[in-house]
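The residues making up each chain are set out below.
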Amino acid sequence: MEKDSFIRKLREWDAAAVVEVLDFRGETTIVVARENLQRVAEFLVNDPGTRFAFLSDITAVDKFPIEPRFELNYHLLSLERRARLRLKVRLAGDDPVAPSMVPVWPAANWHEREAFDLMGIRFEGHPDLRRILMPDDWEGYPLRKDYPVEGYR
Amino acid sequence: MPISVETPTGAAETMVLNMGPQHPSTHGVLRVVLELNGEIVVSAKPHIGYLHTGIEKSCESKTYSQAITLTDRLDYLAPLSNNLCYCLAVERILNIEVPKRAQYIRVLLTELTRIASHLVWVGTHAIDLGAMTVFLYGFREREEIMRILEMVSGQRMMTSYFRIGGLALEPPPGWLERVARFLDSFPAHVAEYEDLLTQNRIWLARTKGIGYLSPEDAIALGVSGPTLRGSGVDYDVRKYFPYSSYEEFDFDVPVQKDGDCYARYLCRVAEIKESAKIVRQAIAKIPAEGPIRTVAPGIIPPSREEMKTSIEGLIYHFKIYTEGFSPPRGEVYQAIESPRGELGFFVASDGSANPYRVKVRAPSFVNLQALPELVVGRLIADVVACIGTTDIVLGEVDR
């Protein structure tokens, strides 16, 4: 199957890069370690067999109170292969920092600003990490699970 | 924390101009901080968030069915596309199949909303650039689509007509004839818009060669929809990853090579015609009789009759409407082609009756990111054309 070939390619390139492979309803998720994210991303974009040049979306999920608390989901799309792939990175609650993917996919810029704004995840190397939806002087990160839906903070 | 102040690039003799958030041609509450050298744009920074309503957060405290009504409010020009994408995502988590009749009706109605949305786009874009008549003509046809939607769902805009597992109601008798009547007169109206714009010298001067976006930049910036196809990339989710039986319909994906505002205009006008083609095929395909909802006890509400006559039906009805249903643990990313591009819903379930996380991949949000690419180095008057041509809906950008 096409999706297996991506994983095989990735494993051939670096056996340690793939931490875990999840499969649910026909969607493949590759879990990678934070320190490998940039290398894996560059491989997936540049390798002629994968070419995931289109970054659809970055979704941050808060698993509070489970540790590692945060998950970043990178939804990739390969126009040449007509395939989708999800990269997942897990981040600890006391250290929600991930490398910025803007050098790999310029589209990551606003997605990362949104994850920073609403989830409080910092992206190292981001060119312009400011709040994007909330006012600049807002306190707290609204999409975190310990942030109330209504009432006073 | 101090409120950040925009820092111009520091070039000599530049002026900072604040455009919006209350500006008629920003199509809502978009604010763009422009740095100008004379009439030339040196830098542009879009500021968004004025319409942020926290829909993603609200979804987490609703049941799966209740969240549908929130999705209407994202892209309010194409509410049925949002309904469809969210329902498809939840249906994938549940692993249920929707009856063919409901799938075809879904296709028909989403294509009608695509036509309606593009009509608003062509009208407002033209009025921004000084052509008043197209706006009036476009809204005349859009009104008929709104009436069809009202006939089917009872609502003009916030329809919430697609439900998890199928449709909310059986469509009323005579609605397909009304759609067919609309289609009979529609091609002549599209020709009217094209008469007014396609060869119009002012229109050509204002859009041709303006707001160029190369295919490489468009892909790198994640741009999708007609804005991407205007740059020569044929990516359309309906063709690449068919959903809701789109693979059974025969239609073309209009692509233009030039990458300017005019190319994107041609793409959208051609798309209006293709959508009309799909609607016509759907009319022929929709069976007169058949279920509009899948059967999944405990997940999909039973029919009215079953609820009144069987004890199981009554129990399921009560349980579904009081506590909802609990899908298995898991997460899916479902994408569809909305009028603006790739609309995606990431839905994560933790096994409870409320979605654990709902994330909307809004095409307008991503497309707006490309705005500085379009306007820098051009005249300030072209900024209006470039905002119009990316076809943003702020309800979706800010969520």
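Residues numbered from 1 in each chain as written. Chains lettered and ligands numbered in written order. Predicted model: local features only at pLDDT ≥ 70, side-chain atom pairs only at ≥ 80, totals over all residues. Heavy atoms only, no water.

Engineer: I tried to follow the sheet that holds strand 8 (residues 357-361) of chain B on my own but got confused; where do I start?
Structural biologist: Sheets are built from strands paired through backbone hydrogen bonds, the pairs being either parallel or antiparallel. Residue and element names in this part refer to chain B. A sheet is described by the order of its strands in space; here three strands give the open sequence 6-7-8, paired in antiparallel fashion. The two strands at the open ends of the sheet, each matched to only one other strand, are strand 6 (330-338) and strand 8. Pairs of neighbouring strands in the sheet enclose a mean axial angle of 15°, with direction left out of account. As judged from the nine bridges shared by strand 6 and strand 7 (residues 341-349), these two strands associate in the antiparallel manner. Bridged to Y333 within strand 7 is F346. (Pairing = 2+ DSSP bridges. Helix = DSSP H or I, 4+ residues; strand = E, 2+ residues; numbered from the N terminus. Axes fitted to C-alpha atoms, helices over the stretch in contact; angles between N-to-C directions.)

Engineer: For this particular structure, what's the right way to read the packing of helix 4 (residues 100-128) of chain B against helix 11 (residues 261-285) of chain B?
Structural biologist: Working note: a packed helix pair is described by the angle between its axes plus the distance between those axes. Residues and elements named next belong to chain B. In the contact formed by helix 4 and helix 11, the axes pass within 9 Å of each other and the chain directions differ by 155°. Between helix 4 and helix 11, the crossing angle belongs to the class labelled roughly antiparallel. As helix 4 runs across helix 11, the sense of the crossing is left-handed. Residue-level contacts link Y104, V107, L108, E111, L112, R114, I115, H118, L119, W121 and V122 of helix 4 to R264, Y265, R268, E271, I272, S275, A276, I278, V279, A282, I283 and K285 of helix 11. Its residues assigned to classes, the contact of helix 4 with helix 11 comprises 15 nonpolar, two polar and six charged. (Parallel < 35°, antiparallel > 145°, perpendicular 65-115°, else oblique. Left-handed = near helix turned anticlockwise from the far one by under 90°. Contact = heavy atoms within 4.5 Å. Nonpolar A, V, L, I, M, F, W, Y, C, P; charged D, E, K, R; others polar.)

Engineer: Is there a simple way to explain the sheet that holds strand 1 (residues 15-19) of chain B in this structure?
Structural biologist: Residues and elements named next belong to chain B. Read from one edge to the other, the open sheet built from three strands follows the order 1-2-3, with strand pairing classed as antiparallel. Because the sheet does not close on itself, it has two edges, and the strands there are strand 1 and strand 3 (40-47). Each strand axis lies, on average, 20° off the axis of its neighbour in the sheet, ignoring direction. One ladder, built from five bridges, connects strand 1 with strand 2 (residues 31-37); its direction is antiparallel. Within strand 2, the position partnered with L17 by the bridge is L34. This element, helix 16 (residues 381-390), spans strand 1, strand 2 and strand 3 of the sheet and lies at about 40° to strand 1.

Engineer: Is there a simple way to think about the packing of helix 3 (residues 79-94) of chain B against helix 4 of chain B in this case?
Structural biologist: Residues and elements named next belong to chain B. The geometry of helix 3 relative to helix 4 is characterised by a closest axis approach of 8 Å and an angle of 145° between their N-to-C directions. Together, P79, L80, S81, L84, C87, L88 and E91 of helix 3 and R106, L109, T110 and T113 of helix 4 make up the contact between the two elements. The residue inventory of the contact of helix 3 with helix 4, partitioned by class, reads six nonpolar, three polar and two charged.

Engineer: I keep staring at the pairing of strand 5 (residues 83-91) of chain A and nothing clicks. Help me out?
Structural biologist: The side chains of a regular strand alternate, first on one face of the sheet and then on the other. All names here are of chain A. Counting buried positions along strand 5 yields eight of nine residues, so the element is predominantly enclosed. Pairing geometry for strand 2 (residues 27-31) and strand 5, over three bridges, is parallel. Bridge pairing in strand 5 places I30 opposite L87. Between strand 4 (residues 70-78) and strand 5, which follow one another and run antiparallel, lie four residues, and R82 among them has a positive phi close to 50°. (Buried < 20%, exposed > 50% of the residue type's maximum accessible area, 1.4 Å probe, protein only.)

Engineer: Please clarify how the packing of aromatic side chains should be interpreted in this entry.
Structural biologist: Here a ring pair, both rings aromatic, is described through the centre-centre distance and the interplanar angle of the planes. Residue and element names in this part refer to chain B. Within this structure, the stated rule accounts for 18 aromatic pairs over all chains. For the pair Y246 and F251, a centre-to-centre distance of 6.1 Å together with 70° between the ring planes defines the contact as edge-to-face. Taken as a pair, Y246 and F251 share a single burial class, namely buried. Through a chain of ring-to-ring contacts, three or more aromatic side chains come together here, namely Y104, Y243, Y246, F249 and F251. In this arrangement the basic side chain of K239 is found over the ring face of F251, its NZ or CZ atom lying 4.2 Å from the centre. K285 extends its terminal NZ or CZ atom over the ring of F249, reaching a point 5.4 Å from the ring centre. (Phe/Tyr/Trp six-rings, centres within 6.5 Å; stacked < 30°, edge-to-face > 60°. Lys NZ or Arg CZ within 6 Å of the ring centre and 35° of its normal.)

Engineer: Is there a simple way to think about the pairing of strand 6 of chain B in this case?
Structural biologist: Residue and element names in this part refer to chain B. Most of strand 6 is tucked away, with nine of its nine residues classed as buried. Burial along strand 6 is two-sided: G330, V332, Q334, I336 and S338 and E331, Y333, A335 and E337, pointing in opposite directions, are all buried. In textbook terms, the turn of a hairpin is the stretch between consecutive antiparallel strands, and for strand 6 and strand 7 this stretch comprises two residues.

Engineer: What is the right way to read the pattern of salt bridges from this model?
Structural biologist: Pairs can form between side chains of opposite charge once their charged atoms are near each other. Residue and element names in this part refer to chain B. Summed over the entire model, instances satisfying the criterion amount to 46 salt bridges over all chains. The partner of R73 in a salt bridge is D72, and the shortest N-O contact between them spans 3.9 Å. The partner of R229 in a salt bridge is E337, with the nearest N and O atoms 3.0 Å apart. Pair noted here: R229 is in helix 9 (residues 226-229) and E337 is in strand 6, with a separation of 108 residues, a long-range link. Judged by relative accessible area, E337 falls into the buried class, the value being 2%. Taken together, the shared-partner salt bridges connect E111, R114, R229, D236, R238, E271 and E337 into one network. (Salt bridge = Lys/Arg side-chain N within 4 Å of Asp/Glu carboxyl O.)

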